[in-house]
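So the chains spell out like this:
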Amino acid sequence: MTGEQRSPEIISPVRRIGRREFDFDRQVAVMAIVNRTPNSFHDQGRTFELDHAVAAATKAVDEGADWVDIGGFAFSAAQASIGVQEEIDRVVPVISKVRGATDAVISVDTHRPEVAAAALEAGADVINDTNGLREPGMAEVAASTGACVVVTHSLGGPGRRVFRPSYTDVVAEVAGFLRERVAAVLAAGIAPDRIIIDPGHDLNKNTFHSLELTRRLEEITAIGHPTLVALSNKDFIGETLDRPQGERKEGTIAANVISILKGARILRVHDVAATVASVRMTEAVLGWRGPVAPSHNLA
């Protein structure tokens, strides 16, 4: 196709993650969020019950999600902390049941190596760590199992509140952190084609920081590893548009499409069907895929 937009240079763009293969030079993966927590910021406990969590995961795959991210520990310090075993008891049963129902990629959203190990044994493919694999033992778990990892920027990590986070240049500092953590996980024995990065929108960042990260996202994607963005229904979207939870879908889609244009290749979202449609349309406009049912003015 003519006029095709080229991707940023991505390290090992064609990757097999779990049971699925992706070409991140011309494809965007949609990751569905399933939180088995009683008070997550968007779900508010709707998927806390085991059956509800499993149903949400399988519904997301039916709606076109390539990937399901399952978590049992909310990032916010406002959430009550839970022990390692309770977190395992939350995520492992969901992972086991979802693994038996789909070939979609499954990630576990955790910063604890014990939880990651149990989740991988239950069938997860990826460790999605909002602490940037800083917990002792986490990189070793990933390296020994061959799991993929999502290395995410945050200042304090899950459950540790940072009051009025401040940056001189948020994008440069996030990029520096990600480069440093990527070097550390490479040194721990994790292969380059197992690494994904995430700048961590809203994680110890205010609305101005998250907007700047989105505006200059190409400085993050230039690091070279596939970039995941987790923008869905976040406060920076709500505050930008003055919209409460439940009314941020359009803002989320707009921010996600902008992120794709700046090099993001994995979108972590709540509203799967709407996201899949917007991603497929974006891919078609970029020349990465053709229309599904072309007929207008062709006869």
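## Topic: the overall build of the protein
Summing up its helical and strand segments, the protein has ten helices and ten strands in all. Structurally, the protein occupies a C-alpha span of about 65 × 45 × 40 Å along its principal axes. A total of 299 residues make up the protein; the buried ones form 54% of that total. If you take every contact in the protein between residues at least 6 apart in sequence, the share linking residues at least 24 apart comes to 68%.

## As for the pattern of salt bridges
Side chains carrying opposite charge are able to pair once their charged atoms draw close together. Counting across every chain of the model gives 18 salt bridges. In this structure, Glu63 and Lys59 form a salt bridge, with 2.6 Å as the shortest nitrogen-oxygen distance. Glu283 is the partner of Arg289 in a salt bridge, and the nearest nitrogen-oxygen pair spans 2.7 Å. With a relative accessible area of 33%, Arg289 lands in the partly exposed category. Through salt bridges with shared partners, a single network forms among Asp169, Glu212, Arg215, Arg216 and Glu219.

## A short note on the packing of aromatic side chains
Across all of its chains, the model carries two aromatic pairs by this definition. When the ring of Phe22 is compared with that of Phe24, the centres are 5.5 Å apart and the planes differ by 5°; the resulting orientation is stacked. In this structure Phe22 comes out as buried when scored by relative accessible area, which is 2%. A relative accessible area of 0% places Phe24 in the buried class. Seen from their ring centres, Phe22 and Trp67 are 6.3 Å apart, and the 40° between their planes marks the pair as tilted. A residue pair is termed long-range when its members are at least 10 positions apart, and Phe22 in strand S2 (residues 20–23) and Trp67 in strand S4 (residues 67–71) qualify at 45 residues. Accessibility assignment for this pair places Phe22 and Trp67 in one class, buried.

## What to know about the nonpolar core
Counting 66 residues, the largest nonpolar core has Ile70, Ile95, Ile127 and Ile220 as the members making the most contacts within it. If one sorts the elements of this core by residue count, helix H5 (residues 170–187) sits on top with eight residues. If sequence neighbours within four positions are ignored, Ile220 has contacts with Val171, Val174, Ala175, Leu178, Ile197, Pro199, Leu213 and Thr227.

## Here we look at the packing of helix H2 (residues 84–99) against helix H3 (residues 113–122)
In the contact formed by H2 and H3, the axes pass within 9 Å of each other and the chain directions differ by 20°. In terms of their interaxial angle, H2 and H3 are classed as roughly parallel. In the packing of H2 onto H3, the handedness of the crossing is right-handed. In this structure, H2 uses Val84, Glu87, Ile88, Val91, Val92, Ile95, Ser96 and Arg99 to contact H3, whose residues at the interface are Glu114, Val115, Ala118, Ala119 and Ala122. Counted by class, the contact of H2 with H3 contains nine nonpolar, one polar and three charged residues.

## With respect to the pairing of strand S1 (residues 14–17)
Taking every second residue as pointing to the same face, the buried face of S1 carries Arg15 and Ile17, while none of Val14 and Arg16 on the other face is buried. The hairpin turn running from S1 into S2, its antiparallel successor, is two residues long, and Gly18 in that turn takes a positive phi close to 65°.

About the thresholds
Residues numbered from 1 in each chain as written. Predicted model: local features only at pLDDT ≥ 70, side-chain atom pairs only at ≥ 80, totals over all residues. Heavy atoms only, no water. Helix = DSSP H or I, 4+ residues; strand = E, 2+ residues; numbered from the N terminus. Buried < 20%, exposed > 50% of the residue type's maximum accessible area, 1.4 Å probe, protein only. Contact = heavy atoms within 4.5 Å. Salt bridge = Lys/Arg side-chain N within 4 Å of Asp/Glu carboxyl O. Phe/Tyr/Trp six-rings, centres within 6.5 Å; stacked < 30°, edge-to-face > 60°. Core = buried A, V, L, I, M, F, W, Y, C linked by side-chain atoms within 4.5 Å. Axes fitted to C-alpha atoms, helices over the stretch in contact; angles between N-to-C directions. Parallel < 35°, antiparallel > 145°, perpendicular 65-115°, else oblique. Left-handed = near helix turned anticlockwise from the far one by under 90°. Nonpolar A, V, L, I, M, F, W, Y, C, P; charged D, E, K, R; others polar. Pairing = 2+ DSSP bridges.

Function cannot be read off these values alone, since they describe shape.
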